[in-house]
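Chain and residue survey
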Amino acid sequence: MHDIEADLDEEDMPATERELADDAQWKLIQKNTFTRWANEHLKTVNKHMNDLENDLSDGLRLVALVEVLSGKKFKHINKRPNFRTQKLENVTMSLKFLEEDEGIKIVNIDSTDIVDKKLKLILGLIWTLILHYSISMPVWEGEEPEPGEREKGATPKQRLLGWIQGKVPDLPIKNFTHDWNDGRAVGALVDAIAPGLCPDWEDWDPKKSKPNAKEAMDAAEKWLDVPQLIKPEEMINPKIDELSMMTYLSQFPNAKLKPGAPLRPRTNAARVRAYGPGIEPTGNHMGAAARFTVETFSAGRGEVTVIILNPKGQQETCEVIFNDDRNKTYSCTYTPQMEGDYRVIVKFSTKEIPKSPFNVKVEGAAGDASKCSAAGPGLEKSGVMALHKTYFEIFTEGAGRGNVEVIIMDPAGHRERVKPVITKKTEFTYYVEYTPKDAGIHSVQVYFAGHQIPNSPFSVGVSPPVEPKKCYATGRGVQPKGVRVKDDAVFQVHTKGAGDGQLLVQIIGPGGVEEPCKIKKIDEYTYECVQHPKTQGNYVINITFSGQHITKSPFKVDVGPFKTTLIRAFGPGLEGGTCGYPAEFTVDTNGETGALGFSIEGPSQSKIDCNDNGDGSADVSYWPTAPGEYAVHVLCNEEDIPDSPYMAQIQPQTDAYNPKLVSAYGPGLKKDGVTCGSWAEFTVDTRKAGRAPLNITAIDKEFNPVEVIMKDNKDGTYSCQYLPKNHTKHVITIAFGGCNIPKSPFRVDVGPYKTTLIRAYGPGLEGGTCGYPAEFTVDTNGETGALDAIPGMSRSPEFRNTPSADAIPGMSRSPEFRNTPSADAIPGMSRSPEFRNTPSAGDEIVEACSTFPWTEGLCGVFPAYENIGNKRGNAFIAVEIDAFAHNRELCKHNGFEVRYFEYNHPSLEAAIVNVSKEAIEMPLNPGEMKTLSDVINGHVDRLFTTHSKLTIISASPVHSYRQGKILHREPCIVFYCRNKGIVPFGEPPFPKKIDDIPTDVREGFYIPCGPSQAPEVYNDILRVGCSIGRDQVPCSGSLGGFVRDRLNPRNVGFITSYHVLIHINSIDPDHLSHEPQENQFVVQPSDMDLEDNKELNRDRESWQKNRQCGKVLRTFNGVHERTGVGVEAAFISCSDFTERMPQGAYFAGATERMFNRLGLDHGTTLSHAKIIDPAHVNLHTVMYKCGRSTGLTKGKLQSDTACLRSISGYRAILSNECSAEWDVTLKRQYEVSVPSDAGDSGSLVFTTRGNQTYIIGMLEGKTSYHSTIVTPINAVLDALNVDILNFSTPTLPTLHPNDPQRIPQGAYSGDLPAEFHNLSLVD
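Residues numbered from 1 in each chain as written. Predicted model: local features only at pLDDT ≥ 70, side-chain atom pairs only at ≥ 80, totals over all residues. Heavy atoms only, no water.

A few words on the packing of helix H11 (residues 184–193) against helix H12 (residues 209–223). At their nearest, the axes of H11 and H12 sit 8 Å apart, and the two run at 30° to each other. As far as their axial angle goes, H12 and H11 are roughly parallel. In terms of crossing hand, the pair formed by H11 and H12 is left-handed. Between H11, through Arg-184, Val-186, Gly-187 and Val-190, and H12, the contact on the second element is made entirely by Asn-212, Ala-213, Ala-216, Met-217 and Ala-220. (Axes fitted to C-alpha atoms, helices over the stretch in contact; angles between N-to-C directions. Helix = DSSP H or I, 4+ residues; strand = E, 2+ residues; numbered from the N terminus. Parallel < 35°, antiparallel > 145°, perpendicular 65-115°, else oblique. Left-handed = near helix turned anticlockwise from the far one by under 90°. Contact = heavy atoms within 4.5 Å.)

Throughout the structure, instances matching the rule amount to 40 salt bridges. Put simply, Lys-258 and Asp-225 hold a salt bridge, and the shortest N to O gap is 3.2 Å. With Lys-258 in the loop between helix H14 (242–249) and strand E1 (273–275) and Asp-225 in the loop between H12 and helix H13 (232–235), this pair connects stretches of sequence that are 33 residues apart. Of the charged contacts in the structure, one is a salt bridge between Asp-1278 and Arg-1046, with a shortest N-O distance of 3.1 Å. Of this pair, Asp-1278 sits in helix H22 (residues 1273–1280) while Arg-1046 sits in the loop between strand E61 (1041–1045) and strand E62 (1052–1057), and the two are 232 residues apart along the sequence. According to the relative accessible area criterion, Asp-1278 is partly exposed, its value standing at 21%. Through salt bridges with shared partners, a single network forms among Arg-1046, Arg-1122, Asp-1278 and Asp-1283. (Salt bridge = Lys/Arg side-chain N within 4 Å of Asp/Glu carboxyl O. Buried < 20%, exposed > 50% of the residue type's maximum accessible area, 1.4 Å probe, protein only.)

The subject of this paragraph is the environment of Pro-991. Relative to the elements of secondary structure, Pro-991 occurs in the loop between strand E55 (982–984) and strand E56 (993–994). Taking C-alpha positions, Pro-991 is 9.6 Å from Val-1001, a pair spaced 10 residues apart along the chain. With residues up to four places along the chain from it excluded, the contact list for Pro-991 reads Leu-943, His-947, Phe-975 and Thr-999.

Let us now look at the packing of aromatic side chains. On inspection of all chains with the given rule, the structure shows 19 aromatic pairs. Seen from their ring centres, Tyr-391 and Tyr-431 are 5.4 Å apart, and the 25° between their planes marks the pair as stacked. Placement of the pair is Tyr-391 in strand E13 (residues 390–395) and Tyr-431 in strand E16 (residues 429–434), with a sequence separation of 40 residues. Aromatic rings pair up to connect Phe-585, Phe-598 and Tyr-622 into one cluster. Over the ring of Phe-703 we find Arg-568, and its NZ or CZ is 5.9 Å from the ring centre. (Phe/Tyr/Trp six-rings, centres within 6.5 Å; stacked < 30°, edge-to-face > 60°. Lys NZ or Arg CZ within 6 Å of the ring centre and 35° of its normal.)

The next point concerns the sheet that holds strand E22 (residues 489–494). Spatial ordering of the open sheet is given by E20-E22-E26-E25, a layout of four strands whose pairing is antiparallel. The open sheet terminates on both sides in strands that have one partner only, identified here as strand E20 (472–474) and strand E25 (518–523). If you compare each strand with its neighbour and ignore which way they point, the axes differ by 25° on average. The sheet contact formed by E20 and E22 spans three bridges and is antiparallel. Looking at the pairing, Tyr-472 lines up with His-494 of E22. (Pairing = 2+ DSSP bridges.)

This part takes up the packing of helix H3 (residues 25–42) against helix H8 (residues 119–135). Look at H3 against H8: their axes get within 10 Å of each other, and the N-to-C directions meet at 50°. By the criterion of interaxial angle, the relationship of H3 to H8 is oblique. Judged by the twist between their axes, the crossing of H3 over H8 is left-handed. Of H8, the residues touching H3 (which contributes Lys-27, Gln-30, Lys-31, Phe-34 and Trp-37) are Leu-119, Leu-123, Ile-126, Trp-127, Leu-129, Ile-130 and Ser-134.

To continue, consider the environment of His-549. Inspection of the secondary structure puts His-549 in strand E28 (residues 548–549). On the accessibility criterion, His-549 (32% relative accessible area) is partly exposed. Along the chain, His-549 and Lys-469 lie 80 residues apart, while their C-alpha atoms are 7.4 Å from each other. When sequence neighbours within four positions are dropped, the list of residues in contact with His-549 reads Pro-468, Lys-469, Asn-542, Ile-543, Thr-544 and Pro-554. A distance of 2.7 Å separates a polar atom in the side chain of His-549 from a polar atom in the side chain of Ser-553. (Polar contact = N/O pair within 3.5 Å; in protein donor to acceptor, adjacent residues only side chain to side chain.)

Next up on the list: a nonpolar patch on the surface. Taken together, the side chains of Leu-765, Phe-776 and Val-778 make up a nonpolar region of the molecular surface, amounting to roughly 270 Å² of accessible area. Turning to its location among the elements, Val-778 is positioned in strand E48 (residues 777–779). (Patch = residues over 30% accessible without salt bridge, like charges linked within 9 Å, V, L, I, M, F, W, Y side chains within 5 Å. Areas by Shrake-Rupley, 256 points an atom, 1.4 Å probe, with all protein chains shown as cover.)

Read from one edge of the open sheet, four strands run E11-E13-E16-E15, paired in antiparallel fashion. Each of the sheet's edge strands pairs with one partner strand only, and the pair in question is strand E11 (373–375) and strand E15 (421–426). Pairs of neighbouring strands in the sheet enclose a mean axial angle of 25°, with direction left out of account.

Its location among the elements puts Thr-686 in the loop between strand E40 (680–685) and strand E41 (694–699). Among the polar contacts made by the side chain of Thr-686, one reaches the main-chain carbonyl oxygen of Gly-716 at a distance of 2.7 Å. Beyond its immediate chain neighbours, meaning those up to four positions away, Thr-686 contacts Val-662, Gly-716, Tyr-718 and Phe-736.

So, about the side chain of Ser-456. Its place among the elements puts Ser-456 in the loop between strand E18 (451–452) and strand E19 (458–463). Given the relative accessible area of 15%, Ser-456 is considered buried. Polar contacts involving the side chain of Ser-456 include one to the main-chain amide nitrogen of Val-446, which spans 2.9 Å. Polar side-chain contacts of Ser-456 include one of 2.5 Å to the side chain of Gln-452. Contact partners of Ser-456, with chain neighbours within four places excluded, come to Val-444, Gln-445 and Val-446.

Within the largest apolar cluster, 75 residues are counted, with the highest numbers of intra-cluster contacts made by Ile-126, Trp-180, Tyr-248, Leu-249 and Phe-252. Of the residues forming this core, the biggest block, 11 residues, is contributed by H8. With sequence-adjacent residues up to four places away left out, Tyr-248 is seen in contact with Val-186, Met-217, Ala-220, Val-226, Pro-227, Gln-228, Leu-229, Ile-230 and Met-235. Counting 50 residues, the second largest nonpolar core, distinct from the first, contains Leu-1022, Leu-1160, Ala-1279 and Ile-1284. (Core = buried A, V, L, I, M, F, W, Y, C linked by side-chain atoms within 4.5 Å.)

The next subject is the pairing of E19. Here two bridges tie strand E12 (residues 384–385) to E19, and the two strands are oriented parallel to one another. Considered in E19, the bridge of Met-385 is made with Ser-463. Of the strand pairs in this sheet, strand E17 (residues 440–448) and E19 are connected by five bridges, and their pairing is antiparallel. What sits directly across from Ser-443, in E19, is Ser-459.

The omega torsion of the bond from Ser-356 to Pro-357 falls at 5°, within 30 degrees of zero and hence cis. Inspection of the secondary structure puts Pro-357 in the loop between strand E9 (351–352) and strand E10 (358–365). Notably, Lys-714 is not glycine yet its phi reads approximately 65°, a positive angle. Here Lys-714 shows up in the loop between strand E42 (708–712) and strand E43 (717–722). With a relative accessible area of 72%, Lys-714 lands in the exposed category. Positive phi, close to 60°, is recorded for Asn-1281, a residue that is not glycine. On the basis of relative accessibility, which here comes to 28%, the residue Asn-1281 falls in the partly exposed class.

As a further point, take the pairing of strand E38 (residues 646–651). Note that strand E31 (residues 576–578) and E38 share three bridges and pair parallel. If you follow Thr-578 over to E38, its bridge partner there is Gln-651. Direction of pairing for strand E36 (residues 628–636) relative to E38: antiparallel, over a ladder of five bridges. Each bridged residue has a counterpart across the sheet, and for Ala-631 the counterpart in E38 is Met-647.

This paragraph deals with helix H5 (residues 60–70). Counting buried positions over the 11 residues of H5 gives eight, a clear majority of the element. Among the residues making up H5, those that are buried are Leu-62, Val-63, Ala-64, Leu-65, Val-66, Glu-67, Leu-69 and Ser-70. Residues of H5 that are buried sit in contact with H3, helix H6 (84–100) and H8. Once H5 finishes, Gly-71 follows within two positions and takes phi at roughly 75°, a positive value.

This is how it looks when you write it as structure tokens:
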């Protein structure tokens, strides 16, 4: 058995890379490449995979892929694997075949891994298949192993690399990664396999890597049949995956050049040609534009240079324009300034082309173009058709000397695609012909002596080409036989793809008489035609489109005499069907005699089966093998019965549904038992059959339709009923996807009306009371028969635990009943082991929590229980500790288990969901956002009260399962808590749904963007986003924006977040004394900026006395009454510090590089900012912010109704020696993806529309999963009674490539933990 894993060296499957995040660049490239490789093989059996991770889980595509690769077929597979066991069987069978029959060693991959969609192992399996079937092959053509390799055995990687090195010896290719990044290597490889396909690869600019790779890969795909398993942008990615490159390059050893490939030599000026009047020896005139064309198609890559030398040897200007057309032409124009002999020198890639220099004699002044004229259909605004030749004439009498030129520009702006042919008919008349290739406006420019004539350019509207042969007719009305006198002979004409034209239908009846025909346009491309033949005989139907016959026109129709018959045909096979399944119908003679016959005409021959039912009817099946329209002829004595032929539309074969897996059952389908006047019921079960239209019809003996009422049960089943009104045979036909299901049609003999003398009456039929008998009476009134009785009616489990059950001897109790207080009254009632963990167990565990010993790093102690799924675990003591605490030795306390949890430990799940493809590409739409917001706002108070562990409530478009390993696009409400699955004792678990909206629980918490100790600078003039803090207090944050006081308009200043002015991390239990009071000083930079900032302290004396920049005038910390938004903000007045107020609201530390990277105009400020209406903030709004720590960053809205609190109130025991946090609850906040970090609190978030800036809100903090919390600005301004300050004429600050004041740290990524470095933030 060949061990492929042994062939891989350590570089093939690097273990460290395998542990990266799911959306690491190499992994995305590898997943895309392996998917394309699989699809290249699957397309041979008309199958496709969209998602490698999900599409192999049922085993069907894996089976198909293995069958294609091995060339062998599996005998037995589960074609409809609805159950996990069936999926496992399919995958297991494939893996077993690969190991036992193909000799491939499958290492550490189990069938459950594929069914459970484990991407890492799925990629490993596909790589194993690639190695075996695409790389580990016999020696390739041109492969020359190194000496000794045959003996020791080279790995697949070494073999492939050696083959490539042999093909491309001129490049030092040593790996499958960065050596391919500039695109030159793949160009060299393509040209080595097909010399002349990429001849100029050596001249390619390595800086133009993507165009290089694209040219080579496009040529390989088109002419070498090498599919682009990777894309050019992936090949040039520095993080290109090695295995992906090997997969792509492994196709080249077997590549063969197709006939007709555009092979060309390397750059060769000798293959360039020039033509046109501008380089003719005579005919050019002074002052008249001289034009000519240079064609470089077969000369390779190079630049065209034109030098015009006048008779004095001076150079004159020549305009050279590249036309970017198939022939790689250049249009050249120069205007001679004097008479005499000119020299025109044309060079290609610095070398002169053949016949260069061209000697041109320029004569005196040119003729007068204004005296010329032109006319003809080729210059008209309409009437010209693409692909049809047209013409016009040019008249030059009286205009003097000059050349006639015509340039035609097509709708795409190409000047050389439409080439006019100019013929001189007489001395003063020129005849011009041209054939437009595309529809659209063409510009026809007519020149005489280098100048355009009057009315030039002419705008010519070219209509699309009309192709009548693309039209076709369908329907009974154009069938050769079957139509009879007085019939509605209907047919349809289809014109899609034929262009714009007029449809005409002419019907010639017997004797040459023209018959009327009604034409009705059904849609843009379909016409319905109806004729009513009045005479028997031969008819001819001429159908023309734009004056030409359509396909198969004229149609000859033999109309038969009027006739009636008792024979009836019915069933789905007369209307349609699906390839691969029989199309079935029934013919009932109703006693009429004659020889029945059947004929099927259509795109394919169809086998016909007929089953005589012995009652004058027959069931007919035919098997179409190609889709299209079929004419189903039902014949009696070799003549079509009336209404025959029936036109059936057969659909292509599909795996989407299988009518043979539909079942129908119930009394309404049984042969006997249905009575006239009584509802007959039955059920149709389609759960195993896929999805397709379900059609049910019922008819009686006289072929009258009987209504069938069908109810969709939403689970794949349908409840059906019909009411027979006649005591006759009924036929029920059930079709699924246009095909009969098994046993259809159902023949039901409906019995006569049935009456009875039996009557039932009494109160027990209407209701009763538990514990008392419910009684009623049945009176047979002499009618005989057995009555059904129901002794020992069973009780529900809930009833068994009620007091009423005590009156019933032997009534069993449920296990849960034993642990309720009601069980105390029952002697000998046993308790379950879980009883000690219920509230009835007493206050022992609460007492145990109160006596738990305090240790360093302890944050909280509380009684809790574990809730996983719907199972509640035993009670235990939950101990929250700091991440750096080491004392975790106590495992039990007072007989209760002790479990330790890190207090502020972030979880990967929430971050993975937020940056997932599902969340970014399919965000909440406005309707979903509003629905979720209304539910959250309606329940937020109750939820925070009921669940003390709850930290954040928000909305998400994605539901997460298995810690983020499985993501489903499902709008939901998300509960964030500190430790998922741990519920405080006495509280319920989080609800699974709220108002029918699903919920999801994830770990996460809110962190106010508190103080930062990153170095900051002194700004003599205040700027938006600069560092501020309270004087003499270790706190810091960002200056938000400049405002004016509504109560006293003379007061101006700025706003920031309330907690920016508080030392929220103080371990002092009296920390609230640090809250800001009115008239307390605010400084810039803050006290925290002075710590460890040597550069700032060096010049401290020069600015220390001016550090104060404002006073606290007003604060707000609570819920804004009008909007219901939680606000914590402060207004700092700068009226006493006017020397530090700026002339405009500029951004601190903003650099030219920042503006460029964010796509912002360099002049963007908040000087004239407006307030945005919250209704205009949506998921597409791009937001920006400028903060003291991360500078200018941008992102988008994720949720508009986040509700949060910074600490959890469930901590039952909190020692005075433990650290305390400032507690805040914020409602109705924006949750956005703008990166932020400590020190950014208070900064304003804004957006731009054109040149106008709009403020959205104030940044408050961030979440543990790296989203940012923003308070809507209108609530902040109303709460503080201020308005945004607009500056009159701000002066823009000077921007430098790198501002010397400060370079923000982490301006684009934020402070992400190491495990998040490979996750992409939303831009």
